[in-house]
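Survey of secondary and tertiary structure
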Amino acid sequence: MSCVLRISHDTWDTVRRHLRDSDDERGAYLLARAGRWTDPWGTGVVTDLLVTRAIPIPDDALSVQNGVRFEVAPWLTREVLIACFETGLSLVDVHSHPFADDTVSFSGVDVENMHQTHTEFLDRMPPAPPVGVASLVLGQASVAGAYTDPDDGMLRMLDRLVLLGDDLTEVTLCRS
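Described in the following lines is the structure provided in the data block. None of the values given here were measured: they were computed from a predicted structure.

Definitions and limits used
- Residues numbered from 1 in each chain as written.
- Predicted model: local features only at pLDDT ≥ 70, side-chain atom pairs only at ≥ 80, totals over all residues.
- Heavy atoms only, no water.
- Helix = DSSP H or I, 4+ residues; strand = E, 2+ residues; numbered from the N terminus.
- Rg over C-alpha atoms; globule rule 2.2 N^0.38 Å.
- Buried < 20%, exposed > 50% of the residue type's maximum accessible area, 1.4 Å probe, protein only.
- Contact = heavy atoms within 4.5 Å.
- Areas by Shrake-Rupley, 256 points an atom, 1.4 Å probe, with all protein chains shown as cover.
- Lys, Arg positive; Asp, Glu negative; His and termini not counted.
- Charge placed at Lys NZ, Arg CZ, Asp CG, Glu CD.
- Pairing = 2+ DSSP bridges.
- Core = buried A, V, L, I, M, F, W, Y, C linked by side-chain atoms within 4.5 Å.

With that settled, consider the overall build of the protein. Helices and strands together make up the secondary structure of the protein, namely 3 helices and 11 strands. Listing the helices and strands of the protein from first to last along the sequence gives β-α-β-β-β-β-α-β-α-β-β-β-β-β. Taking 16 Å as the expected radius of gyration for a compact globule of 176 residues, we find that the protein reaches 15 Å, a close match to that expectation. Referenced to the eigenvectors of the C-alpha coordinate spread, the extents of the protein come out at roughly 45 × 35 × 30 Å. Here the protein holds 176 residues, and 45% of them are scored as buried. Contacts in the protein between residues at least 24 apart in sequence constitute 66% of all its contacts with a sequence separation of at least 6. Looking at the protein as shown, the accessible area adds up to about 9000 Å², and 52% of this sits on carbon and sulfur atoms. In the protein, the 14 positive side-chain charges and the 27 negative ones have mean positions that sit 3 Å from each other.

The side chains of a regular strand alternate, residue by residue, between the two faces of the sheet. Here strand S8 (residues 143-148) lies mainly inside the structure; 6 of its 6 residues are buried. The alternating pattern of S8 places Val143, Gly145 and Tyr147 on one face and Ala144, Ala146 and Thr148 on the opposite face, and all of these are buried. Here strand S7 (residues 133-138) pairs with S8 via 5 bridges, running antiparallel. By the bridge assignment, Ala134 is partnered in S8 with Tyr147. Hairpin remark: S7 followed by S8, antiparallel, with 4 residues in the connecting loop.

What follows covers the nonpolar core. Core analysis: the largest hydrophobic core is formed by 24 residues, its most contacted members being Val94 and Leu136. Here this core takes 4 residues from strand S2 (residues 27-38), the largest share from any one element. If we skip the residues at most four places from it in the chain, Leu136 touches Leu5, Trp12, Leu30, Val92, Asp93, Val94, His95, Phe106, Val143, Ala144, Gly145 and Leu158. In terms of nonpolar packing, the next biggest core, distinct from the first, is built from 18 residues, Ile57, Val72, Leu122 and Met125 among them.

As structure tokens, this is what we get:
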């Protein structure tokens, strides 16, 4: 299985500015429509996540925030999850590692959190339409991504991040 995340240039710029506008970790939620199909060569299933909305998490909606950690207030996460459930949208959580520059990677805590939250998200969502769940981490000049394969529950690296607009731009992902 492979996973592609597509987002407009403008939305991506808004999210990046929000995350990079602080020396502390920050976050955002991206809501996306998911599509799944077999690739043209018949070698695997592709999950395509098309971002339809970005929700930058305001600092006052964080119960903990510092240079290496943040926690979102439960009320905001609950509202986002209800919106995903009611509208059949997928979820991509995004956070910053302001201390990382050209190479960023998920921390051990990030990986543990993804295992738990991605599984919980997929277990709670209705079977149709298809949904996906992914995470991004942004450094000052880098980005890494991961998603959970809904077929086997395995956490895998995001295959592609594509910016949409007048031209298509593929963002180089760190492989961590």
